[in-house]
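Chain by chain, the residues run as shown.
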Amino acid sequence: MSNPWLGIPLADYEGHMRAPGVEQLNALADLFAEALSFCRPESLAILGIAGGNGLDRVDGAVTRRIVGVDIHPEYLEAVRERHPELPLTLLCADLQRELPVQEPVQMVHAALVFEHAGMDGCLRNAVDLVAGQRYLTVVLQLPSRSQAGVAPTGFASIQNLKENFRLIEPSEFCSVVSAMGLALVRERECALAGGKSFWMGIFRQGR
Ligand SMILES: C[S@@+](CC[C@H](N)C(=O)[O-])C[C@H]1O[C@@H](n2cnc3c(N)ncnc32)[C@H](O)[C@@H]1O
């Protein structure tokens, strides 16, 4: 079965994420900026890069190599057009099956990705990519009393994501990552205008 993301135009995804009651794009960009300033990576991989939300927060004097991965080729094309100034390598891949990056990076960022791509192959590959390097930074959506997993907005295509979406408990996530040898060095929650909230964890490998 084809991945439901492939049926979602970037304008629908970004329109949904900016819609009143959702308002998640800025919050995700702010968390990404916070992770960048904590980790100060020379090399960075962004899993599920979508349209490149937050790439304007990357300091080119610090980060010299950026790899973006997504399953949707048109999203990657948009990132390329939006950020010609960045040292970007963009890879179209299904993270459930592979993460075709050869050289490890100092920071892997995955925001709202494991909920869609699952933890099995995707998390193992993400951890392998920081091997001997440094940080895995992750944003998870927390359960909300007021809203279901995928909020209703005017963008009908987004509702097709519901079936493949699974909330992940930060405690469950932390135990799996810790068993893979990474330590949680920072965590925080971020409340959103629409009533949901995010959890960000920064994990480090080695000292
Ligand atoms: C919720 S969006 C990510 C938001 C983005 N990280 C941010 O901070 O704004 C999820 C992204 O993951 C991508 N994605 C979902 N499943 C995937 C998979 N199996 N392999 C690769 N990319 C996937 C989608 O195409 C989409 O761009």
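Residues numbered from 1 in each chain as written. Predicted model: local features only at pLDDT ≥ 70, side-chain atom pairs only at ≥ 80, totals over all residues. Heavy atoms only, no water.

Right, let's get into the overall build of the protein. For the protein, the count of helices and strands is 6 helices and 7 strands. Secondary structure of the protein in N-to-C order comes out as α-α-β-β-α-β-β-α-α-β-α-β-β. Against the globule reference of 17 Å for 207 residues, the protein gives a C-alpha radius of gyration of 16 Å, in line with a compact fold. Expressed along its principal axes, the backbone C-alpha trace of the protein runs to roughly 45 × 40 × 35 Å. Counting over 207 residues, the protein shows a buried share of 52%. Here the protein displays about 9700 Å² of accessible surface, and carbon together with sulfur accounts for 48% of that area. Separation between the mean location of the 18 positive side-chain charges and that of the 24 negative ones in the protein comes to 6 Å. (Helix = DSSP H or I, 4+ residues; strand = E, 2+ residues; numbered from the N terminus. Rg over C-alpha atoms; globule rule 2.2 N^0.38 Å. Buried < 20%, exposed > 50% of the residue type's maximum accessible area, 1.4 Å probe, protein only. Areas by Shrake-Rupley, 256 points an atom, 1.4 Å probe, with all protein chains shown as cover. Lys, Arg positive; Asp, Glu negative; His and termini not counted. Charge placed at Lys NZ, Arg CZ, Asp CG, Glu CD.)

With that out of the way, let us pick up the nonpolar core. Tyr-13, Leu-44, Leu-55, Met-107, Val-139 and Phe-198 are the most contacted members of the largest nonpolar core, which has 40 residues in total. Listed by contribution, the elements that provide at least two residues to this core are α1 (10–18), α2 (25–39), β1 (43–47), α3 (73–82), β4 (107–111), β5 (135–142) and β7 (197–205). Counting residues per element, this core draws most heavily on α2, at 8 residues. Each residue touching Leu-55, except ones within four places of it in the same chain, is listed here: Phe-32, Ile-46, Ile-49, Ile-66, Val-79, His-83, Leu-86 and Leu-88. Membership of the second largest hydrophobic core comes to 32 residues, among which are Val-105, Met-119, Val-138 and Leu-142. (Core = buried A, V, L, I, M, F, W, Y, C linked by side-chain atoms within 4.5 Å. Contact = heavy atoms within 4.5 Å.)

Another aspect to go through is the site of the ligand. The ligand sits among 17 residues. The nearest are Gly-48, Asn-53, Asp-70, Asp-94 and Leu-95. A distance of 3.0 Å separates a nitrogen atom of the ligand from a polar backbone atom of Gly-48. Contact between the ligand and Ala-111: a nitrogen atom at 3.1 Å from a main-chain N or O atom of the residue. Considering the ligand on its own, with 600 Å² of exposed area, one finds that the protein chains cover 97% of that surface. Cavity membership is defined here by more than half of the atoms lying within 2 Å of grid points; on that basis the ligand lies in the largest cavity. Across the shell around the ligand, the residue classes break down as 11 nonpolar, 4 polar and 2 charged. (Near = heavy atom within 4 Å. Polar contact = N/O pair within 3.5 Å; in protein donor to acceptor, adjacent residues only side chain to side chain. 1 Å grid on protein atoms, 1.4 Å probe; cavity = no way out; pocket = protein on both sides within 12 Å on 5 of 7 lines; lining within 4 Å. Sits in = over half its atoms within 2 Å of the grid points. Nonpolar A, V, L, I, M, F, W, Y, C, P; charged D, E, K, R; others polar.)

Moving on to the packing of aromatic side chains. What the rule picks out here adds up to 6 aromatic pairs. Each ring, one from Trp-5 and one from Tyr-13, has its centre 5.4 Å from the other, and the planes form 70 degrees; the classification is edge-to-face. In this pair, the class of Trp-5 matches that of Tyr-13, namely buried. Considering the side-chain rings of Phe-173 and Phe-203, the 5.8 Å spacing of their centres and the 55 degrees angle between planes classify their relative orientation as tilted. With Phe-173 in helix α6 (residues 170–179) and Phe-203 in strand β7, this residue pair connects regions lying 30 residues apart in the sequence. Grouped by ring-pair contacts, the aromatic residues Phe-114, Phe-173, Trp-199 and Phe-203 constitute a single cluster. (Phe/Tyr/Trp six-rings, centres within 6.5 Å; stacked < 30°, edge-to-face > 60°.)

Here we take up the sheet that holds β1. Hydrogen bonds between backbone groups are what pair the strands of a sheet, and the pairing can be parallel or antiparallel. Pairing within the open sheet is mixed, and its 7 strands lie in the order β3-β2-β1-β4-β5-β7-β6. The open sheet terminates on both sides in strands that have one partner only, identified here as β3 (88–92) and β6 (182–191). Each strand axis lies, on average, 15 degrees off the axis of its neighbour in the sheet, ignoring direction. Where β1 lies against strand β2 (residues 65–70), 5 bridges are found, and the strand directions are parallel. Along β2, the bridge assignment pairs Leu-47 with Val-69. α2 rests against β1, β4, β5, β6 and β7 of the sheet, and its axis sits at about 20 degrees to β7. (Pairing = 2+ DSSP bridges. Axes fitted to C-alpha atoms, helices over the stretch in contact; angles between N-to-C directions.)

Moving on, we come to the pairing of β3. For β2 and β3, the ladder comprises 5 bridges, and the chain directions are parallel. Within β3, the position partnered with Ile-66 by the bridge is Leu-88. On the question of chirality, the crossover connecting β2 to the parallel β3 by way of α3 is right-handed. (Right-handed = clockwise from strand over helix to strand, strands pointing away.)

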